Every structure is written in structure tokens, then in C-alpha cells.
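Listed below, chain by chain, are the residues.
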Amino acid sequence: MQKRGCGIRTAVEYRERLSPSLWALVAAAVCGPMAAVVFSPLDTTLALFIGLIVSVGIVAALLALAPVVEVSGGELRAGRAHIPVDLLGVPSGVVAEEARTARGSGLDHRAWHVIRGGIDGIVTVPVTDPDDPTPYWVVSTRTPDRLIAAIQRAQVRLRTPGR
């Protein structure tokens, strides 16, 4: 997979959109019928149209605004933030109860986090830059092993001359 950025082609090592779960999308779509009920005393056709627009609009917004996690061009991107992989330590991934702790009581308020409910996996990556006040990044992912491998491949690629 190739990506264009500033005229330079860089390979995308990993890319994942943290889209909402199916149940979250269904719950959002239920807002449409509720809006239709509000407008039904005025005109049923108008109410159905407004309900449809509300359902489609909310679901489309949830999908379009879902953050992206990406490793490309020697950088880790999570949501709107990015950091060169050479400023990162060894990533680690957790799921299940350990992930709940990492997202909750174990979360340092100084950490950069892109966390989404309904996505069980978490990857934690320490920041090794001494000038950065952020101790680590916490990123939700459906495939922690693949994200960890992509970060490590990008780190090796930057440390290996001639690649």
C-alpha cells in the first residue's frame, strides 16, 4: 500500500480506522425514529424524512470522525497526533482485563491516548524523548500484535543504514 505525502511516497506499514462497533452504530441509528416521533404531529412525510436524515447523518458522522491509527513514513499516527518511531521504546499490547486496567485506573493523565470503547485491545508505547512530557502512548486497536509488529519494523528500518 502506498501513500503520498508532500510529494514523497512512503509505504504504509499498518492502518486501522477505529470505527464504532455495530451495536454503537445501531444505537446511533435509533435517534432517527426518535426525531421522527417529535415531528410526526406536524406531518408524517416530513417526520419520516427528518428521521431518515438524522439516522444517516449520525451514523455517517460516527464513521467519518473515527480516528485512524497508522504506522507509515517512520511515524506512528494516532488520531490527530504523530510521533517518529525512533522516539518510541518497545511497544506492548494487552487485551481483556489488563486492557481495561490500562484504559482506566492504570492510565497516567500525562499519557497521550486514543481510546475507543468496544475495541478490546490496547497497545502501550513508551516515549523515549527526554524533552517530551508524555511518558507513553495508549492506543486502542483490534489487532495489537499487528500494530506492535509494524512499529518494530519501522524502528528497525530507521536503525538499519541503506534501507
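Residues numbered from 1 in each chain as written. Predicted model: local features only at pLDDT ≥ 70, side-chain atom pairs only at ≥ 80, totals over all residues. Heavy atoms only, no water.

An unreviewed UniProt entry annotates the chain as DUF3093 domain-containing protein originating from Microbacterium testaceum.

**Looking at the overall build of the chain**
Along its length, the chain carries 5 helices and 9 strands. Each helix and strand of the chain, placed in order from N terminus to C terminus, yields the pattern β-β-α-α-α-β-β-β-β-α-β-β-β-α. For 163 residues, the compact-globule estimate of 2.2 N^0.38 gives 15 Å, and the C-alpha radius of gyration of the chain, at 20 Å, exceeds that figure by more than 25%. With respect to the three principal axes, the spread of C-alpha positions in the chain is 70 × 40 × 25 Å. Taken across its 163 residues, the chain has 36% of its residues classed as buried. Counting only contacts in the chain whose residues sit at least 6 apart along the sequence, the fraction spanning at least 24 positions is 64%. As presented, the chain carries roughly 9700 Å² of accessible surface, and 63% of it is formed by carbon and sulfur atoms. (Helix = DSSP H or I, 4+ residues; strand = E, 2+ residues; numbered from the N terminus. Rg over C-alpha atoms; globule rule 2.2 N^0.38 Å. Buried < 20%, exposed > 50% of the residue type's maximum accessible area, 1.4 Å probe, protein only. Contact = heavy atoms within 4.5 Å. Areas by Shrake-Rupley, 256 points an atom, 1.4 Å probe, with all protein chains shown as cover.)

**A closer look at the packing of aromatic side chains**
Per the stated rule, a full pass over the model turns up 1 aromatic pair. Considering the side-chain rings of W112 and W137, the 6.2 Å spacing of their centres and the 50 degrees angle between planes classify their relative orientation as tilted. Here W112, found in strand β7 (residues 112–114), pairs with W137, found in strand β9 (residues 136–141); they are 25 residues apart in sequence, far enough to count as distant. Judged by its relative accessible area of 4%, W137 falls in the buried class. (Phe/Tyr/Trp six-rings, centres within 6.5 Å; stacked < 30°, edge-to-face > 60°.)

**Here's the deal with unusual backbone geometry**
Of note, A96 is a non-glycine position whose phi angle comes to about 60 degrees, a positive value. Mapped onto the elements of the fold, A96 is located in helix α4 (residues 96–103).

**Considerations on the nonpolar core**
If you look at the biggest cluster of nonpolar residues, it comprises 22 residues, and the most contacted ones within it are V69, V71, L76, L88, W137 and L147. For this core, the secondary structure elements donating two or more residues are β3 (68–72), β4 (75–78), β5 (81–84), β8 (121–126), β9 and α5 (144–159). For this core, the leading source of residues is α5, giving 5 residues. Those residues in contact with L147 that sit more than four places away from it in its chain are Y14, V69, V71, L76, V123, V139 and T141. A99, A102, I115 and V138 belong to the second largest nonpolar core, which has 7 residues in total. (Core = buried A, V, L, I, M, F, W, Y, C linked by side-chain atoms within 4.5 Å.)

**Focus on the domain arrangement of the chain**
Taken domain by domain, the chain holds domain 1 (19–65) and domain 2 (69–159). With centres defined by C-alpha atoms, the gap from domain 1 to domain 2 works out at 34 Å. (Domains from an automatic or database assignment.)

**Details of the pairing of β3**
Summarising burial for β3: 5 of the 5 residues are buried, a large majority. Burial of β3 is two-sided: the residues V68, E70 and S72 facing one way and the residues V69 and V71 facing the other way are all buried. As paired strands, β3 and β4 are joined by 4 bridges and run antiparallel to one another. Bridge pairing in β4 places V69 opposite A78. (Pairing = 2+ DSSP bridges.)

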